[in-house]
Amino acid sequence: MNLDLNEPFRIKMVEPIRRTTRAQREKLLAAAGFNLFLIEADDILIDLLTDSGTGAMSTDQWAAMMHSDESYAGSPSFRRFRDSVQAITGFRHVIPTHQGRAAERILFTTLCKPGDVVPSNTHFDTTRANCEHVGAEPLDLPIRESFEPACFHSFKGNMDTARLEQTLAHVAPKRVPLVILTVTNNSGGGQPVSMANVKAVKAICDRYHVPLYVDACRFAENSYFIKLREPGYSGKTPREIAREMFSYADGCIMSAKKDGLANIGGFLCTNNDAACEAQKELLILTEGYPTYGGLAGRELDAIAVGLNEALEEDYLSHRIGSTAYLGEGIAAAGVPIVQPPGGHAIYIDARAFLPHIPPTQFPGSALAAELYVEAGIRSFEMGTLVFGKRDEQGVEHPATMDLLRLAIPRRVYTQSHFDYVIRAGAAVWKRRDQICGFELVHQAPHLRHFTARFRPVSVARKSNHQT
Ligand SMILES: Cc1ncc(COP(=O)(O)O)c(C=O)c1O
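Not measured: the values here are computed from a predicted model.

1. Overview of the state of the cysteines
Here is step 1: Summed over all chains, the structure comprises 0 disulfides.
Here is step 2: No disulfide involves C252; its sulfur sits 3.9 Å from that of C269, the nearest cysteine.
Here is step 3: Residue C276 stays outside any disulfide, its sulfur separated by 9.7 Å from that of C269, the closest cysteine.

2. Focus on the packing of aromatic side chains
In this description, an aromatic ring pair is defined by two values, namely the gap between the centres and the angle between the planes.
Here is step 1: Following the criterion strictly, the structure yields 12 aromatic pairs and no others.
Here is step 2: Ring centres 5.7 Å apart and planes at 50 degrees place the aromatic pair F219 and F246 in the tilted group. With F219 in helix α8 (residues 219-229) and F246 in helix α9 (residues 238-247), the pair connects residues that are 27 residues apart, well separated along the chain.
Here is step 3: When its relative accessible area of 2% is taken as the criterion, F219 is described as buried.
Here is step 4: By relative accessible area, which is 2% here, F246 ends up buried.
Here is step 5: Ring centres of F438 and F454 lie 5.0 Å apart, and the angle between their planes is 25 degrees; this geometry places the pair in the stacked category. With a gap of 16 residues between them, F438 in strand β15 (residues 438-442) and F454 in strand β16 (residues 453-456) connect regions that are remote in the sequence.
Here is step 6: Under the relative-accessibility criterion, F438 is labelled buried at 4%.
Here is step 7: Pairwise contacts between aromatic rings join F34, F362, F438 and F454 into one cluster.
Here is step 8: A cation over a ring is seen here: R432 above W429, with NZ or CZ 3.6 Å from the ring centre.

3. A short note on the pattern of salt bridges
Here is step 1: One pass over the structure, following the stated rule, counts 29 salt bridges.
Here is step 2: In this structure, K202 and D206 form a salt bridge, with 3.1 Å as the shortest nitrogen-oxygen distance. Here D206 and K202 lie together in helix α7 (residues 195-207), a separation of 4 residues that amounts to about one turn.

4. Details of the pairing of strand β6 (residues 212-215)
Here is step 1: Burial along β6 is two-sided: L212 and V214 and Y213 and D215, pointing in opposite directions, are all buried.
Here is step 2: Judged from the 4 bridges that link them, strand β5 (residues 179-182) and β6 form a sheet pairing that is parallel. Paired with L181 across the strands is V214, a residue of β6.
Here is step 3: In this region the chain leaves β5, passes through α7 and returns to the parallel neighbour β6; the handedness of that crossover is right-handed.
Here is step 4: Pairing between β6 and strand β7 (residues 251-255): 3 bridges, direction parallel. Residue pairing in the sheet places D215 in a bridge with I253 of β7.

5. Topic: the packing of helix α3 (residues 76-89) against helix α11 (residues 297-309)
Here is step 1: Across the interface, α3 lies against α11 with an axial gap of 8 Å and an inter-helix angle of 25 degrees. It follows that α3 is roughly parallel to α11 by the angle criterion. Crossing geometry of α3 relative to α11 is assigned as left-handed. From α3, S77, F78, R80, F81, S84, V85 and I88 reach across to α11, where they touch G297, L300, D301, I303, A304, L307 and N308.
Here is step 2: A class-by-class count of the residues in the contact of α3 with α11 yields 8 nonpolar, 4 polar and 2 charged.

6. A short note on the side chain of S255
Here is step 1: Counting through the fold element by element, S255 comes out in strand β7.
Here is step 2: At 3.1 Å, the side chain of S255 forms a polar contact with the side chain of K258.
Here is step 3: In contact with S255, other than residues within four places in its own chain, are S52, G100, C217, G265 and G266.

7. Thoughts on the confidence of the model for the protein
Here is step 1: Per-residue confidence for the protein gives a mean pLDDT of 95; residues scoring 70 or more make up 97%.
Here is step 2: The model gives residues 460-467 a pLDDT under 50, and that stretch makes 18 contacts with residues more than four places away or in other chains.

8. Considerations on helix α10 (residues 273-286)
Every α-helical turn comprises 3.6 residues, leaving residues that sit three or four positions apart pointing alike.
Here is step 1: Spanning 14 residues, α10 covers 20 Å between terminal C-alpha atoms, matching the ideal 20 Å at 1.5 Å per step.
Here is step 2: Regarding α10, the residues found buried are A275, C276, Q279, L282 and L283. Buried residues in α10, looked at end-on, bunch into an arc of 130 degrees, giving them a common side. For α10, the exposed residues set more than 90 degrees away from the buried face come down to A274, E277, E281 and L285.
Here is step 3: Elements in contact with the buried residues of α10: β2 (93-97), α4 (100-111) and β8 (266-270).
Here is step 4: Phi for G288, located one or two positions after α10, is positive at around 155 degrees.

9. Description of the site of the ligand
Here is step 1: Near the ligand, the surroundings consist of 14 residues, among which R101, N186, D215, S255 and K258 are the closest.
Here is step 2: One nitrogen or oxygen atom from the main chain of G100 is found 2.9 Å from an oxygen atom belonging to the ligand.
Here is step 3: The contact in question runs from an oxygen atom of the ligand to an N or O atom on the side chain of S255, over 2.7 Å.
Here is step 4: Of the residues contributing to the shell around the ligand, the split by class is 2 nonpolar, 6 polar and 6 charged.

10. What about the sheet that holds strand β11 (residues 380-382)?
Here is step 1: Strands sit in the order β9-β14-β11 across an open sheet of 3 strands; the sheet is antiparallel. Of all strands in the sheet, those with a lone pairing partner are β9 (345-349) and β11, marking the two edges. Across the sheet, the mean angle from the axis of one strand to that of its neighbour is 30 degrees, orientation sign disregarded.
Here is step 2: Two strands pair when backbone bridges link them, and β9 and strand β14 (residues 403-407) are joined in this way by 5 bridges, in the antiparallel orientation.

Parameters at a glance
Think of each chain on its own: its residues are numbered from 1, step by step along the sequence as written. Local features in a predicted model are, by the rule used here, given only for residues with pLDDT of at least 70; side-chain atom pairs are given and counted only at 80 or more, and totals for whole chains, interfaces and linings are based on all residues. To get the side-chain values, all heavy atoms of the structure are used, and hydrogens and water are removed first. To count as a disulfide, a pair of cysteine sulfur atoms needs to be within 2.5 Å. We call Phe, Tyr and Trp rings a pair once their centres come within 6.5 Å, taking the six-membered ring for Trp, and we label the pair stacked below 30 degrees between planes, edge-to-face above 60, and tilted otherwise. Secondary structure elements are defined from DSSP: runs of H or I of at least 4 residues count as helices, runs of E of at least 2 residues count as strands, and each element is numbered from the N terminus. Summary of the burial criterion: residues with accessible area below 20% of their type's maximum are buried, those above 50% are exposed, and those between are partly exposed, where the area comes from a 1.4 Å probe applied to protein chains only. Remark: a charge is flagged as sitting over a ring if the NZ atom of Lys or the CZ atom of Arg is within 6 Å of the ring centre and within 35 degrees of the ring normal. Salt bridge, as applied in this entry: a Lys or Arg side-chain nitrogen positioned within 4 Å of an Asp or Glu carboxyl oxygen. For two strands to be treated as a pair, DSSP must find at least two bridges joining them. Orient the strands so they point away from the viewer; a crossover is then right-handed if the path from the first strand over the helix to the second runs clockwise. To obtain each axis, a line is fitted to C-alpha atoms, and for helices this fit is confined to the stretch in contact; angles are then taken between N-to-C directions over 0 to 180 degrees. Any angle that is under 35 degrees is reported as roughly parallel, and any over 145 degrees as roughly antiparallel; angles of 65 to 115 degrees are reported as roughly perpendicular and all others as oblique. By convention the crossing between two helices is left-handed if the near helix lies anticlockwise of the far one by an angle smaller than a right angle, and right-handed if it lies clockwise. Contacts are assigned to residue pairs that have any heavy atoms within 4.5 Å of one another. For this classification, the nonpolar set comprises Ala, Val, Leu, Ile, Met, Phe, Trp, Tyr, Cys and Pro, the charged set comprises Asp, Glu, Lys and Arg, and every other residue, Gly included, is treated as polar. Identification of polar contacts relies on pairs of N or O atoms within 3.5 Å, with a donor-acceptor requirement for protein atoms, meaning one able to donate a hydrogen and the other able to accept it, and with residues adjacent in sequence counted only if both atoms are side-chain atoms. Confidence scores labelled pLDDT are given residue by residue by the predictor and lie between 0 and 100. To estimate how far a helix should reach, multiply one less than its number of residues by 1.5 Å. Here the arc refers to the directions that run from the helix axis out to each C-beta atom. A cutoff of 4 Å decides nearness: a residue is near a molecule or strand if any of its heavy atoms lies inside that distance of it.

Take a look at the structure:
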């Protein structure tokens with residue numbers, strides 16, 4: 001009997017969610033400039049904006065928080081946190097930070113200089129922004145299949161090793177201070193990276209004497225995909241697989257808000273003693289003393305427990321199984337999604353969903369708005385609004401793909417919530433021809449998706465798909 005969809009927890013405390021009417025949602029959306037970031041969370045029914053920091057903690061995590069120690073220096077909470085991280089990753093130095101992007105900033109500030117190039121399978125938006133902030137160029141080298149949403153590939157998060165070799169040998173010789181592998185690849189559909197690819201990337205890095213770092217936000221989900229899909233790993237535990245993956249790296253950055261099962265926190269690990277000295281100095285200047293790094297002792301304890309819970313097989317089989325359930329349900333209704341379903345999210349191909357809306361009119365944002373009006377669901381556009389750019393002449397340059405991410409908070413929603421999302425997706429799909437694009441009327445100079453405001457472009461056309 002397959003228990004994957006059977007939630008491996010029961011509910012001890014409930015958090016009510018508020019129902020709204022369609023008319024209320026239409027009003028709220030218009031007032032928010034059609035940007036779901038600008039809607040109050042209590043006006044959302046199912047919040048799939050992000051899986052970051054939105055998970056439910058376990059009884060053991062809450063108990064650990066009560067046992068925590070808030071000493072400024074030398075806290076036992078830090079020791080438990082460090083031991084937990086080291087037992088999983090094996091890295092020599094563990095530096096706590098308040099979240100993932102702080103670890104990114106410290107890593108890039110200490111390893112990169114202007115003119116450097118940092119290859120990755122795909123940089124996440126904050127990783128990219130932090131890299132650019134120190135004058136280095138983030139270079140995405142995903143495999144070709146990652147640009148084809150409908151194409152099935154077991155490890156679509158893999159890095160293109162031929163292009164990596166070419167970059168290190170010819171494009172930017174001696175200008176690459178590190179290579180980063182993002183596991184799983186969030187910007188590329190939450191797709192996993194195979195162990196074979198990690199090893200191949202490491203071998204190339206070694207040849208050119210460049211350190212390999214892992215952006216480890218979803219290391220446990222990636223490990224479970226390796227167990228399910230890569231020959232030779234089915235008999236290994238997710239913990240053994242994670243340990244092997246980290247053994248090929250020289251360090252990692254991590255947002256504990258994902259596979260740390262915590263609401264806040266992150267860390268930077270390294271085996272480089274000299275870099276660690278500089279990193280701790282910067283940490284003290286901007287985050288806090290190295291035994292707390294911008295976190296409370298109770299948060300360190302929650303992460304120490306959460307990292308281990310994220311590697312439990314019951315948890316992972318439900319996590320990956322329920323994401324696949326949502327993806328398969330939406331796809332069965334006809335909705336085009338990135339295949340196969342990722343680990344933490346389902347990505348709808350908004351360009352294929354709304355082919356009559358040009359990328360310069362933000363089909364992902366238009367679809368996000370419709371899903372909210374239909375059912376009170378919040379999602380996240382990962383397309384032209386996030387990755388595209390408007391030049392000085394006001395010309396919009398679209399992103400490679402226009403995806404709409406439905407990210408699944410950990411241990412929060414049940415199968416009946418997923419069924420509701422599937423029904424909502426199917427309802428919007430049926431009236432897709434009536435949906436119109438957006439014109440951007442306000443944007444900030446950086447990370448514009450957080451504050452952008454839109455205006456609908458034209459009157460909706462009559463649907464041919466009313467069934
Ligand atoms: C792959 C990846 N890297 C880095 C980050 C940044 O982490 P944080 O939000 O904790 O700063 C995220 C957050 O979503 C992510 O998905």
